[in-house]
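Here is how the chains run, residue by residue.
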Amino acid sequence: MDDIDAWVWWLIGAVGLGIPLVVTAMPEFGMLAVGAVAGAVTAGLGGGVVLQVVVFAVVSVALIAVVRPVAARHRSQRPQLATGIDALKGKQAVVLERVDGSGGRIKLAGEVWSARALDSGRAYDVGQEVDVVDIEGATAIVM
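Caption draft 1: Main features of the overall build of the protein chain. Regarding its fold elements, the protein chain presents 4 helices and 5 strands. Along the protein chain, from the amino end to the carboxyl end, the secondary structure elements read α-α-α-α-β-β-β-β-β. Against the globule reference of 15 Å for 143 residues, the protein chain gives a C-alpha radius of gyration of 29 Å, more extended than a compact globule. Projected onto its principal axes, the C-alpha positions of the protein chain cover 85 × 25 × 25 Å. Across the 143 residues that make up the protein chain, the buried fraction comes to 25%.

Take a look at the structure:
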């Protein structure tokens, strides 16, 4: 064991920290692995054991302190581009067959959809424009 350089041990440690990163998808392990690589570089440049450990700790803590809050902020933001049924909510449609509380048909985004009125006592006649407020399965809820 004495004939293996310290930088090799740091790289082995980095690989060892990379395995749980892949298995658990916890980015903190990746940040610790980068700290271990920084320790390997320090060892390769001739730094002492204490300096290697300090570099490992400083790089790891700095990455966790800076990257985690940024990643959490990005993870909590909703995508700005609405897709699927979310993109259809709020769109206008044209009534093709009378729409009331029990059903009807509309043309929405170039496609024919089944629809029903949000207010079951309200009815919309052919040619009238309606607003899509929700999508339930394959039925647009309009008002």
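Caption draft 2: Structural view of the pattern of salt bridges. On inspection of all chains with the given rule, the structure shows 5 salt bridges. Taking the shortest distance from any N to any O, the salt bridge between K89 and D134 comes out at 3.5 Å. Within this pair, whereas K89 is found in the loop between α4 (85-88) and β1 (92-100), its partner D134 is found in strand β4 (residues 129-136), the two being separated by 45 residues in sequence. With relative accessibility at 25%, the residue D134 sits in the partly exposed group.

Caption draft 3: Inspection of the side chain of Q52 at higher detail. Looking at the secondary structure, you find Q52 in helix α3 (residues 49-76). Among residues more than four places away in sequence, those in contact with Q52 are A6, W10, G39, T42, A43 and G47.

Caption draft 4: Structural view of the environment of V133. Of note, V133 is situated in strand β4. Taking C-alpha positions, V133 is 7.0 Å from M143, a pair spaced 10 residues apart along the chain. If near-sequence neighbours (up to four positions away) are discounted, V133 is found in contact with K89, L118, I141, V142 and M143.

Caption draft 5: Representation of the sheet that holds strand β5 (residues 139-142) within the structure. The 5 strands are arranged β1-β2-β3-β5-β4 in a closed barrel whose pairing can be described as mixed. In this sheet, adjacent strand axes meet at a mean angle of 50 degrees when their direction is disregarded. Where strand β2 (residues 103-108) lies against strand β3 (residues 111-117), 4 bridges are found, and the strand directions are antiparallel. Within β3, the residue paired with L108 across the bridge is E111.

Caption draft 6: Seen up close, the packing of helix α1 (residues 6-24) against helix α2 (residues 27-44). Two elements in contact, α1 and α2, have axes separated by 8 Å at closest approach and are oriented at 170 degrees. By the angle between their axes, α1 is roughly antiparallel relative to α2. Residues A6, W7, W10, L11, G13, A14, L17, G18, P20, L21 and T24 of α1 lie in contact with α2, whose contacting residues are P27, F29, G30, L32, A33, A36, V37, G39, A40, A43 and G44. Of the residues contributing to the contact of α1 with α2, the split by class is 16 nonpolar, 6 polar and no charged.

Rules used throughout
- Residues numbered from 1 in each chain as written.
- Predicted model: local features only at pLDDT ≥ 70, side-chain atom pairs only at ≥ 80, totals over all residues.
- Heavy atoms only, no water.
- Helix = DSSP H or I, 4+ residues; strand = E, 2+ residues; numbered from the N terminus.
- Rg over C-alpha atoms; globule rule 2.2 N^0.38 Å.
- Buried < 20%, exposed > 50% of the residue type's maximum accessible area, 1.4 Å probe, protein only.
- Salt bridge = Lys/Arg side-chain N within 4 Å of Asp/Glu carboxyl O.
- Contact = heavy atoms within 4.5 Å.
- Pairing = 2+ DSSP bridges.
- Axes fitted to C-alpha atoms, helices over the stretch in contact; angles between N-to-C directions.
- Parallel < 35°, antiparallel > 145°, perpendicular 65-115°, else oblique.
- Nonpolar A, V, L, I, M, F, W, Y, C, P; charged D, E, K, R; others polar.

As far as function goes, none of this settles anything; it's purely spatial.
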